[in-house]
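# Architecture at a glance
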Amino acid sequence: MTYQNPRMQTRIARVGSELIGDTPLFELARVGSGSRLLLKMEQLNPTGSCKVRMAREMILAAERDGLLKPGGQIVESSSGNTGTGLAFIAIERGYRFIAVVDNNASRAKLSAMKALGAELRFVGGQKSDTASTVERMRVASEIAATEGAFWPDQHHNPNNNLGYVGLATELHRDLGDDLKYLVGAVGTGGTLCGTVKELRRLGSSVVSIGVEPAGSIIFGGAPHQHWQTGAGAPAGFCVGPNVDHTLIDEELTVRDIDAFATARTVTRRTGFLVGGTAGMAIYVALRRLPLLKPGSTIVVLACDAGEKYLDTVYNDDWLEARQLLSTSAHHRIERIFEAYRDSVRMADFDLEEAIPSRRVS
Ligand SMILES: Cc1ncc(COP(=O)(O)O)c(C=O)c1O
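About the cut-offs
- Residues numbered from 1 in each chain as written.
- Predicted model: local features only at pLDDT ≥ 70, side-chain atom pairs only at ≥ 80, totals over all residues.
- Helix = DSSP H or I, 4+ residues; strand = E, 2+ residues; numbered from the N terminus.
- Expected span 1.5 Å × (residues − 1).
- Buried ≥ 20, exposed ≤ 12 C-beta atoms within 10 Å, placed from the backbone.
- Arc of directions from axis to C-beta.
- Contact = placed C-beta atoms within 7 Å.
- Axes fitted to C-alpha atoms, helices over the stretch in contact; angles between N-to-C directions.
- Parallel < 35°, antiparallel > 145°, perpendicular 65-115°, else oblique.
- Left-handed = near helix turned anticlockwise from the far one by under 90°.
- Nonpolar A, V, L, I, M, F, W, Y, C, P; charged D, E, K, R; others polar.

With 15 residues, helix α5 (residues 133–147) extends 21 Å between its outermost C-alpha atoms, agreeing within 8% with the 21 Å of an ideal straight helix rising 1.5 Å per residue. Those residues of α5 that fall on the buried side of the exposure criterion are Thr133, Arg136, Met137, Val139 and Ala140. In a view along the axis of α5, the buried residues occupy a sector of 165°, so they form one face of it. Across from the buried face of α5, at angles greater than 90 degrees, the exposed residues are Ala145 and Thr146. Residues of α5 that are buried sit in contact with β3 (73–77), β4 (96–101) and β5 (119–122). Residue Gly148 follows α5 closely and has a positive phi angle near 70°.

Take a look at the structure:
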């Protein structure tokens with residue numbers, strides 16, 4: 001099938017945010033039963049992530065509510081993608097943006113925010129290498145109070161989740177009732193819960209699967225060190241209402257070693273550099289695929305691009321230093337892809353065999 005990108009057919013964008021959304025679907029795998037795994041390529045949004053959808057929604061809502069005045073400033077705590085999205089929207093709408101960050105964020109994300117004109121304020125000092133989500137939020141609220149900046153507070157802002165109405169609309173338009181399962185990484189909860197809420201409103205009976213890194217506490221597991229950024233939350237973090245457990249049918253965790261091996265394997269097979277959280281969600285979907293009712297479609301929300309993780313997920317030295325480089329984990333994922341390809345060949349073979357025998361009878 002030739003994919004036609006609606007944005008190319010219709011118009012020339014006059015402002016960058018017009019290019020948000022309408023991301024394509026890509027078939028990553030198929031099994032002999034006819035079930036398929038599709039990636040919703042959110043990394044093809046401006047800023048390379050789905051989070052620009054919610055950044056726009058939160059800023060437009062703040063303008064409507066009178067919380068942001070022309071020339072005003074915005075402050076937000078971010079591991080990078082929300083911050084890059086807000087920096088992008090701030091340029092377009094004429095605001096100053098302060099990103100509260102820590103050294104756990106990837107260098108590429110920090111550099112991108114800086115390149116987009118954001119002011120970076122580090123918590124834990126420039127040298128700290130620990131995730132400090134709780135401290136970041138405290139500092140963001142302090143800057144809002146003392147410097148008069150608007151703090152969207154992505155963990156509690158309902159416009160985060162509302163930013164994904166468009167994503168749900170696109171999935172419903174492109175797949176309708178074929179969409180049976182949706183898998184997404186969970187951090188603030190906005191991407192998965194916002195999308196599922198709107199899909200259900202549109203009449204979809206999609207089964208939703210939320211995924212977080214093993215060691216994160218959102219789904220109630222025991223906290224321990226993990227290296228995935230964007231999704232998950234550390235010990236001591238108070239999970240906000242944008243994680244709506246009533247909208248997540250299954251809540252699963254994935255080890256970093258499996259998530260990163262999956263991301264790297266997918267990249268080698270497809271040529272698309274996928275992000276670490278996409279690897280985590282793909283790992284779940286890949287294992288689930290052969291167990292689904294024949295002919296099912298499972299969609300993974302691929303939240304961002306691997307270009308942001310060249311110094312981490314795609315850097316052997318970085319992985320090795322954290323004991324996350326595993327040849328056997330890579331082989332396991334490779335074998336899954338090979339087995340699925342064989343199952344499709346076998347199904348086609350069975351079909352060819354069946355045709356002459358049907359003719360005879
Ligand atoms: C790469 C990546 N994946 C997943 C998520 C989780 O998305 P959400 O916060 O909407 O749950 C984020 C959030 O920042 C992210 O940056």
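Okay, back to it.
What follows is about unusual backbone geometry. The backbone of Thr47 shows a phi angle near 75°, a positive value even though the residue is not glycine. Along the chain, Thr47 turns up in the loop between β2 (36–41) and α2 (51–64). Taking the C-beta count within 10 Å as the criterion, Thr47 has 29 such neighbours and is therefore assigned buried. A positive phi angle is found at Asp153, which is not glycine, with a value near 55°. Structurally, Asp153 is set in the loop between α5 and α6 (158–162). For Asp153, a count of 19 C-beta atoms within 10 Å translates into the label partly exposed.

At their nearest, the axes of helix α7 (residues 165–175) and helix α8 (residues 190–201) sit 8 Å apart, and the two run at 50° to each other. In terms of their interaxial angle, α7 and α8 are classed as oblique. Read as a crossing pair, α7 and α8 show a hand that is right-handed. Within the contact between the two elements, α7 uses Val165, Leu167, Ala168, Thr169, Leu171 and His172 and α8 uses Thr195, Glu198 and Leu199. Within the contact of α7 with α8, the residues separate by chemical class into five nonpolar, three polar and one charged.

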